[in-house]
Amino acid sequence: ATGEINLISVKIYNMNNEETSSIISGEKLKIIFEISSNRELLDPHYGIIIRNHLGLSVYESNTRILGVKTYPLSINRPSKIITIWKLPLFPGDYSISLGVANGGTGNNFEEYLFNMYDIIILKILQKEPCPTYAGIVNLQPEIIVESIIN
């Protein structure tokens, strides 16, 4: 981190706009990052990583790769990065990380200004009565069994 980006707050909300630290597996939630910059950034981009309790990256991407339009950051004017997720993850604790970069082309950025790992912990709760899978994510497969008649 260069000290040019200030993380003001990170909050997790359920879809009723109630602040929370946990969500039932498969439900939607919002994570809102509020930041400010000590200098003008003409082409800021934001990256997010979700990691499990072992530090394994369950998901990571950034606004450039996702094709999300971003707007310049003015000096000391707070901005919000609002992410909405449906997380069909196995019950447990997951950490959320944020990165901020500026400029560049393709997957390469001119400047990497802010990387904060494990900013907040999100607890994924078990959907009752019990999970129907093991692993990291519920892929919700369709399985068909057919009898073969000779």
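Heads up: the structure comes first, above all this text.
Residues numbered from 1 in each chain as written. Predicted model: local features only at pLDDT ≥ 70, side-chain atom pairs only at ≥ 80, totals over all residues. Heavy atoms only, no water.

Caption draft 1: Focus on the overall build of the protein chain. Helix and strand counts for the protein chain come out as one helix and eight strands. Listed by position from the N terminus, the elements making up the protein chain come as β-β-β-β-β-α-β-β-β. Along the longest, intermediate and shortest principal axes, the C-alpha atoms of the protein chain span 70 × 35 × 30 Å. Looking at the protein chain residue by residue over its 150 residues, the buried ones come to 37%. Accessible surface computed for the protein chain: about 9500 Å², of which carbon and sulfur atoms make up 53%. (Helix = DSSP H or I, 4+ residues; strand = E, 2+ residues; numbered from the N terminus. Buried < 20%, exposed > 50% of the residue type's maximum accessible area, 1.4 Å probe, protein only. Areas by Shrake-Rupley, 256 points an atom, 1.4 Å probe, with all protein chains shown as cover.)

Caption draft 2: The sheet that holds strand E2 (residues 22–24), seen in detail. One open sheet holds the five strands; their spatial order is E2-E8-E7-E4-E5, and the pairing between them is mixed. Each having just a single partner strand, E2 and strand E5 (57–62) make up the two edges of the open sheet. Across the sheet, the axes of successive neighbouring strands diverge by a mean angle of 30 degrees, strand direction being ignored. Pairing geometry for strand E4 (residues 44–51) and E5, over five bridges, is antiparallel. Looking at the pairing, Arg 51 lines up with Ser 57 of E5. (Pairing = 2+ DSSP bridges. Axes fitted to C-alpha atoms, helices over the stretch in contact; angles between N-to-C directions.)

Caption draft 3: Local environment of the pattern of salt bridges. If you walk through the whole model with that rule in mind, you get five salt bridges. Across the pair Arg 64 and Asp 43 runs a salt bridge whose closest N-O atoms are separated by 3.1 Å. Of this pair, Arg 64 sits in helix H1 (residues 63–66) while Asp 43 sits in the loop between strand E3 (28–37) and E4, placing them 21 residues apart in sequence. On the basis of relative accessible area, Asp 43 is assigned to the partly exposed category, the value being 29%. (Salt bridge = Lys/Arg side-chain N within 4 Å of Asp/Glu carboxyl O.)

Caption draft 4: Representation of the packing of aromatic side chains. Counted by the stated rule, this structure contains two aromatic pairs. Residues Tyr 59 and Trp 85 carry aromatic rings whose centres are separated by 5.2 Å and whose planes lie at 85 degrees to one another, so their mutual orientation is edge-to-face. Placement of Tyr 59 in strand E5 and of Trp 85 in strand E6 (residues 79–86) is noted, with a sequence separation of 26 residues between them. Judged by centre distance (5.7 Å) and plane angle (85 degrees), the ring pair of Phe 109 and Tyr 112 falls under edge-to-face. (Phe/Tyr/Trp six-rings, centres within 6.5 Å; stacked < 30°, edge-to-face > 60°.)

Caption draft 5: Local environment of the environment of Leu 89. Of note, Leu 89 is situated in the loop between E6 and strand E7 (92–105). Among the residues examined, Leu 89 registers a relative accessible area of 4% and is labelled buried. In sequence terms Leu 89 and Asn 138 are 49 residues apart; their C-alpha atoms lie 6.0 Å from each other. When neighbours within four sequence positions are excluded, Leu 89 is seen to be in contact with Ser 25, Val 58, Tyr 94, Ile 124, Tyr 133, Ile 136 and Val 137. (Contact = heavy atoms within 4.5 Å.)

Caption draft 6: The side chain of Ser 37, seen in detail. For Ser 37, the position within the fold is in strand E3. Separated by 2.5 Å, the side chain of Ser 37 and the backbone oxygen of Arg 39 make a polar contact. The contact partners of Ser 37, leaving out residues within four places of it in the chain, are Glu 4, Ile 5, Leu 73, Ser 74, Ile 75 and Asn 76. (Polar contact = N/O pair within 3.5 Å; in protein donor to acceptor, adjacent residues only side chain to side chain.)

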